[in-house]
Amino acid sequence: MHPAGPQPLPHARPRPAHWLGTAAALAAVIAGTALLGPGDTTAPVAMRSPAPDARAAHFPLDCGRTPVEVVKQEAADLDGDGRPETAAVVRCRAGGGTPPSGVYVLGAPAAKGEPPRVVATLVDPRQKMSVTAFTATDDRISATLLGYSGASVPRCCPDLRRAVEWRWADGKFGLTALPVAGSV
């Protein structure tokens, strides 16, 4: 026995080399998991094919010389066919004010090299509404529509607000107006 008492064995003392080895092994495991992970085989079918890009589509919107602006786009398999569609909020770009918005659903191009097809118009810009709180999931498109109760209401300040949802049923998108806040 050692006069000062039992001494730890030399290989039981952690040294910088031990910590570096442990860190390198951990980094290798993390990198291997990231590179060799489950891959595309577990991805939903809708996510394997690319969703239509709203910026490449031609919308039934007359903006004159002003460019069309895609405000927001969301991809989801909206009709349950296993391929993604894109729901998009679109308007004419304006230097000031808030131009009316349109909400469109885009499907895959009819042929390779062509733009995505507009398969549904959910809000026509001629209805003079703005769209906020826009989302799309695999079974619905949700939005808040802002509008005007009359021609005397300033275009800066919509006085009507309604939350809505569209769901695919019987070969088309059906609109449901959600209850107004505070209603019974």
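Residues numbered from 1 in each chain as written. Predicted model: local features only at pLDDT ≥ 70, side-chain atom pairs only at ≥ 80, totals over all residues. Heavy atoms only, no water.

(A) Quick peek at the pattern of salt bridges. This structure, assessed with the given rule, holds nine salt bridges. We note a salt bridge from R83 to D81, for which the minimum N-O separation is 3.0 Å. Judged by relative accessible area, D81 falls into the partly exposed class, the value being 32%. In this structure, the salt-bridge partner of D124 is R126, at a minimum N-O distance of 2.7 Å. Taken together, the shared-partner salt bridges connect D139, R140, E165 and R167 into one network. (Salt bridge = Lys/Arg side-chain N within 4 Å of Asp/Glu carboxyl O. Buried < 20%, exposed > 50% of the residue type's maximum accessible area, 1.4 Å probe, protein only.)

(B) Seen up close, the packing of aromatic side chains. This model, assessed by the stated rule, comprises two aromatic pairs. Seen in terms of ring centroids, F59 and Y104 are 5.1 Å apart; in terms of plane orientation they differ by 45°. Their pairing is tilted. Residue F59 is located in the loop between α2 (45-48) and β1 (68-76), and its partner Y104 is located in strand β3 (residues 101-107); the two are separated by 45 residues in the primary sequence. It is R155 that lies over the ring of Y148; its NZ or CZ is 3.9 Å from the centre. (Phe/Tyr/Trp six-rings, centres within 6.5 Å; stacked < 30°, edge-to-face > 60°. Helix = DSSP H or I, 4+ residues; strand = E, 2+ residues; numbered from the N terminus. Lys NZ or Arg CZ within 6 Å of the ring centre and 35° of its normal.)

(C) A look at the confidence of the model for the protein. Of the residues in the protein, 71% have a pLDDT of 70 or more, and the chain-wide mean is 81. Here residues 31-35 is modelled with pLDDT under 50, and outside its nearest four sequence neighbours on either side it reaches one contact, counting other chains as well. Of the regions scoring below 50 in pLDDT, residues 37-43 engages in four contacts with residues more than four places distant in sequence or in other chains. (pLDDT = per-residue confidence, 0-100. Contact = heavy atoms within 4.5 Å.)

(D) Representation of the state of the cysteines within the structure. Taken as a whole and assessed by the stated rule, the structure comprises two disulfides. With a sulfur-sulfur separation of 2.0 Å, C63 is cross-linked through a disulfide to C92. Because the sign of the S-S torsion sets the handedness, a value of about -90° for the bond joining C63 and C92 places this disulfide among the left-handed ones. Taken together, the residues span a long stretch of sequence, with C63 in the loop between α2 and β1 and C92 in strand β2 (residues 85-92) at a distance of 29 residues. A sulfur-sulfur distance of 2.4 Å marks the disulfide that ties C156 to C157. Between C156 and C157 the disulfide shows an S-S torsion of about -70°. By sign, it is left-handed. For C156, a relative accessible area of 60% puts it in the exposed group. If one numbers only the bonded cysteines of the protein, in the order they occur, the disulfide pattern is 1-2, 3-4. (Disulfide = S-S within 2.5 Å.)

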